[in-house]
Amino acid sequence: MSEAHRKVGFAVLLMLGATLCFAALDATSKHLSQTYPIPMMVWGRYTFHCLMMLIFLAPSMRLQLIATARPMAQIARALMLVGTTGFSMMGFSMMPLAESTAFLFVTPLVVVILSHWLLKESISGAHWIAVIAGFCGALLIARPGGALNLPGIVWMSLAAACYAIYQIQTRQLSPTENTVTMLFYTALVGTVSMTLAAPLYWGGPMPDWTDAALIASLGIYGGTGHLMLTRAFRYAAASFLSPFLYAQLIWAMLLGWLFYRHLPDLLSVAGIVVIAASSISIALVERFKRQA
């Protein structure tokens, strides 16, 4: 096997590991949300992520870790990810993992629409077909009588909207900003904002050692997942790796069944498949467009 093939294989393994971390974060937050306020978990997710980066990256990168030409844009982007985390945790607390995760994965479809509106990017007929199909898949999952409920759908819709704006902002910043610096700003802004807001939500039962470790694990899962994701893109093209992000849907189904004894019904599975296929087709269209 050539060195190039080994790098691609390693990149795929990193992507699968990253999506497992993200699914584990969601499953753990769902468990903790039955006892503790969601903002406390958002604080834990970003604080321990920030600590990981300070421990492992700050000694070598030093001031490069925070060097940016667009600090306000970095902060705005980070706040969108904080919103995504909080809103999605609210949704996961009310609904099954697999269906909620799939509903969040309509984000690439929203990005297509926002890219046309905000970035003036041209949208082909194939893009619009994928968008329409993807939203039909979301309707299959969110249908009356399904596993989702209206409050949960509202929270996940807000999460998807924040995540779409976050991705648009990432597109705007990535040509000139360091990827690791962008990742650090998300952790730093999340930590500072949720710490400043702590008097508004801190209360209720204090976590024991086990639950404290689980809250800390949210930051470890998030930080490790994003670091693996960043490293994967060093070894293979984003257009090739993007479809592997949908492995998170499989991990979510497995963890939902393992810890919560829930499996999606056939219509929900059909909706999940349609959303994944629609979003993957958009990634493939973008790949072929760059190669043309």
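Attention here is on the structure that accompanies the text. What you see is a predicted model, and the numbers here were worked out from it, not measured in a lab. (Residues numbered from 1 in each chain as written. Predicted model: local features only at pLDDT ≥ 70, side-chain atom pairs only at ≥ 80, totals over all residues. Heavy atoms only, no water.)

Another point: the overall build of the chain. What the chain contains, in helices and strands, is 14 helices and zero strands. Mapped from its N terminus to its C terminus, the chain presents α and β elements in the order α-α-α-α-α-α-α-α-α-α-α-α-α-α. At 19 Å, the chain has a C-alpha radius of gyration in line with the 19 Å of a compact globule built from 292 residues. In terms of principal-axis extent, the alpha carbons of the chain reach across some 50 × 50 × 45 Å. Residue burial in the chain is summarised as follows: out of 292 residues, 46% are buried. Long-range pairs, those at least 24 residues apart, make up 89% of the contacts in the chain with a sequence separation of at least 6. A total of about 14,100 Å² of accessible surface is found on the chain, and carbon and sulfur atoms cover 72% of it. Counting 16 positive and 9 negative side-chain charges, the chain places the centres of these two groups 9 Å from one another. (Helix = DSSP H or I, 4+ residues; strand = E, 2+ residues; numbered from the N terminus. Rg over C-alpha atoms; globule rule 2.2 N^0.38 Å. Buried < 20%, exposed > 50% of the residue type's maximum accessible area, 1.4 Å probe, protein only. Contact = heavy atoms within 4.5 Å. Areas by Shrake-Rupley, 256 points an atom, 1.4 Å probe, with all protein chains shown as cover. Lys, Arg positive; Asp, Glu negative; His and termini not counted. Charge placed at Lys NZ, Arg CZ, Asp CG, Glu CD.)

The grouping of L51, L54, I55 and F56 at the surface amounts to a nonpolar patch, some 410 Å² of accessible area in total. Assignment of secondary structure puts L51 in helix α2 (residues 38-56). (Patch = residues over 30% accessible without salt bridge, like charges linked within 9 Å, V, L, I, M, F, W, Y side chains within 5 Å. Salt bridge = Lys/Arg side-chain N within 4 Å of Asp/Glu carboxyl O.)

Another aspect to go through is the packing of aromatic side chains. Enumeration according to the criterion identifies seven aromatic pairs in this entry. Ring geometry for Y163 and Y166: centres 5.7 Å apart, planes at 15°, overall stacked. Here Y163 and its partner Y166 are both found in helix α8 (residues 150-173), three residues apart, which amounts to about one turn of the helix. Note on Y201 and W202: the rings are 5.9 Å apart at their centroids and 45° apart in plane angle, and the pair reads as tilted. What makes W202 partly exposed here is its relative accessible area of 38%. Connected via pairs of aromatic rings, a cluster forms that spans W43, F48, Y201 and W202. (Phe/Tyr/Trp six-rings, centres within 6.5 Å; stacked < 30°, edge-to-face > 60°.)

Attention shifts here to the nonpolar core. Formed by 30 residues in total, the largest nonpolar core has its most connected members in L249 and I275. No other element matches helix α5 (residues 97-104), which puts five residues into this core. Among the nonpolar cores identified, the runner-up in size contains 17 residues, and I38, M40, M89 and Y201 belong to it. (Core = buried A, V, L, I, M, F, W, Y, C linked by side-chain atoms within 4.5 Å.)

In this section: the environment of I215. Looking at the secondary structure, you find I215 in helix α11 (residues 209-235). A sequence separation of 202 residues divides I215 from L13, and the C-alpha atoms of the two residues are 26 Å apart.

For the rest of this paragraph, the subject is the packing of α2 against α11. Axis separation between α2 and α11 bottoms out at 7 Å; the angle between their running directions is 55°. Looking at the two axes, α2 sits oblique to α11. Both α2 and α11 take part in a crossing whose hand is right-handed. Judged by residue contacts, M40, M41, G44, R45, F48, H49 and M52 of α2 engage I215, A216, L218, G219, I220, G222, G223, T224 and H226 from α11. (Axes fitted to C-alpha atoms, helices over the stretch in contact; angles between N-to-C directions. Parallel < 35°, antiparallel > 145°, perpendicular 65-115°, else oblique. Left-handed = near helix turned anticlockwise from the far one by under 90°.)

These figures come from the coordinates and say nothing about function on their own.
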